[in-house]
Amino acid sequence: MLVTTTPFIEGRPVQEYKGAIYAQSILGANLVFDLMAAIRDFIGGHSRSYERLLAKAREDAMKNLIKEAEKVGANAVIAVDLDYNTVGPQASMLMVSVSGTAVVI
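Residues numbered from 1 in each chain as written. Predicted model: local features only at pLDDT ≥ 70, side-chain atom pairs only at ≥ 80, totals over all residues. Heavy atoms only, no water.

1. Notes on the overall build of the protein chain
A count of helices and strands for the protein chain gives two helices and four strands. When the helices and strands of the protein chain are listed from N to C terminus, the series reads β-β-α-α-β-β. Considering the protein chain as a whole, with its 105 residues, one finds that 30% of them fall into the buried category. Accessible surface for the protein chain amounts to roughly 6700 Å². Of this, 56% is attributable to carbon and sulfur atoms. (Helix = DSSP H or I, 4+ residues; strand = E, 2+ residues; numbered from the N terminus. Buried < 20%, exposed > 50% of the residue type's maximum accessible area, 1.4 Å probe, protein only. Areas by Shrake-Rupley, 256 points an atom, 1.4 Å probe, with all protein chains shown as cover.)

Here is the structure:
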């Protein structure tokens, strides 16, 4: 499955538009993540724990987007957009939302 953030694929014209598709992944953080992030905020530096958590959420959301594209018979997704948010009580969960246009090329 070809997935791109661009609105078209050079040399591969769109034969059929299947429509907009959406997927998301929500992962909960925990006390250890919050404690390490607070320490990093105080002393500076990267929060590797949160970076790994966000990477996992992004990977899961992209896998879910591909599944949605396959459901509608697409072989590519164009104009992909990723958004990152926090949700839940005290913003304790990380959410990655992804959307795009399912197409046949």
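2. A look at the sheet that holds strand 3 (residues 76-87)
Here we have four strands laid out as an open sheet, ordered 1-3-4-2, and mixed in their pairing. Each having just a single partner strand, strand 1 (2-3) and strand 2 (16-28) make up the two edges of the open sheet. In the sheet, strand 3 pairs with strand 4 (residues 93-104) via ten bridges, with the strands oriented antiparallel. Bridging across to strand 4, Ile78 finds its partner in Thr101. (Pairing = 2+ DSSP bridges.)

3. As for the side chain of Ser25
Mapped onto the secondary structure, Ser25 falls in strand 2. On the basis of relative accessible area, Ser25 is assigned to the buried category, the value being 6%. If sequence neighbours within four positions are ignored, Ser25 has contacts with Ala57, Asp60, Ala61, Leu94, Met95 and Val96. (Contact = heavy atoms within 4.5 Å.)

4. Quick word on the environment of Leu82
Mapped onto the fold, Leu82 is located in strand 3. Among the residues examined, Leu82 registers a relative accessible area of 31% and is labelled partly exposed. Linking Leu82 and Ser99, residues 17 residues apart in sequence, is a C-alpha distance of 6.8 Å.

5. Considering the pattern of salt bridges
Think of it this way: side chains of opposite charge can pair up when their charged atoms draw near. Counted according to the given criterion, the structure contains four salt bridges. Between Asp60 and Lys56 there is a salt bridge; the shortest N-O distance is 3.1 Å. Of this pair, Asp60 and Lys56 both sit in helix 2 (residues 48-71), four residues apart, roughly one helical turn. (Salt bridge = Lys/Arg side-chain N within 4 Å of Asp/Glu carboxyl O.)

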